[in-house]
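Here is how the chains run, residue by residue.
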Amino acid sequence: MSKHVVMVAAVARNHVIGLDGDIPWSIPEDLKHFRAVTRGHTIIMGRKTFDSIGHPLPFRTNIVVTRDPEWSHDNVFTAGSLAEAVELAAGHTGDTVIMGGAQIYAQALPLATHQILTEVDLAPEGDTFYPEFEAGEWVETRREDHAGDPAYSFVWLERR
């Protein structure tokens, strides 16, 4: 596999990534970081994640996984499964970036070669969670710690 499959997420200490279709914190630097690490790549997301954003993300190929064969949006490719989305992404620019939600992350974890996580120093209430993974299967290649309210770290992981 020549392309990397990269999972990108902001994750609280308790694995929360969402609440009621939104992110339960505001870290503007994380949004800038997300734009920087996904720009020029092919992003895969579930339909609920797409709906929470409301539009395709610019400077990226957007693929939405949906069970609804009638669903469509301008400038967005659709796939009926994660496997189909990853296959479709192979024909597009850059790495394959998985950007949620919870079901897509859980399905993609076995395929992932890399993770770029924003570890958020909070344990908020949530209804959407990042999958737990075996830390021993991953090596941390880079970390950038940031003070703030909340404090957070950008962490790069590669599968061993």
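Residues numbered from 1 in each chain as written. Predicted model: local features only at pLDDT ≥ 70, side-chain atom pairs only at ≥ 80, totals over all residues. Heavy atoms only, no water.

> An account of the nonpolar core is requested, with residue identities and associated values reported.
Counting residues in each nonpolar core, the largest one holds 24 residues, and the members touching the most others are Met-7, Ile-44, Leu-82, Ile-98, Tyr-105 and Tyr-130. Among all residues touching Tyr-130, those that are not within four sequence positions of it are Met-7, Ala-9, Val-11, His-15, Ile-17, Tyr-105, Gln-115 and Leu-117. Judged by nonpolar contacts, the second largest core, of 23 residues, contains Val-8, Phe-34, Phe-50 and Trp-156. (Core = buried A, V, L, I, M, F, W, Y, C linked by side-chain atoms within 4.5 Å. Buried < 20%, exposed > 50% of the residue type's maximum accessible area, 1.4 Å probe, protein only. Contact = heavy atoms within 4.5 Å.)

> Explain the UniProt feature "domain: DHFR" (unreviewed entry) in the chain to me, using residue names and the numbers behind them.
According to UniProt, the feature "domain: DHFR" (unreviewed entry) maps to residues 4-160 in the numbering used here. Span residues 4-160 is 21% helix and 34% strand, its end C-alpha atoms 13 Å apart. (UniProt positions renumbered as here; feature names shortened; annotations may be inferred. Helix = DSSP H or I, 4+ residues; strand = E, 2+ residues; numbered from the N terminus.)

> Help me get a handle on the sheet that holds strand 6 (residues 96-98), residues and values and all.
Read across the sheet, eight strands follow the order 5-4-3-6-1-7-10-9 without closing on themselves; strand pairing throughout is mixed. On the outer flanks of this sheet lie strand 5 (77-79) and strand 9 (138-146), each paired with one strand and no other. Across this sheet, the average inter-strand angle for adjacent strands is 20°, counted without regard to direction. Here three bridges tie strand 3 (residues 42-46) to strand 6, and the two strands are oriented parallel to one another. Each residue of the ladder has a partner; that of Thr-42, found in strand 6, is Thr-96. Lying on the sheet, helix 1 (residues 28-38) is in contact with strand 1 (5-12), strand 3, strand 6, strand 7 (114-120) and strand 10 (152-159); it crosses strand 10 at an angle near 30°. (Pairing = 2+ DSSP bridges. Axes fitted to C-alpha atoms, helices over the stretch in contact; angles between N-to-C directions.)

> Got a sec to walk through the pairing of strand 7? Specific residues and values, please.
When you tally the buried positions in strand 7, you get six out of seven residues, the bulk of the element. Sheet analysis places strand 1 next to strand 7, joined by seven bridges and oriented parallel. Paired with Ala-9 across the strands is Leu-117, a residue of strand 7. As judged from the seven bridges shared by strand 7 and strand 10, these two strands associate in the antiparallel manner. When the bridges of strand 10 are listed, Leu-117 appears paired with Val-155.

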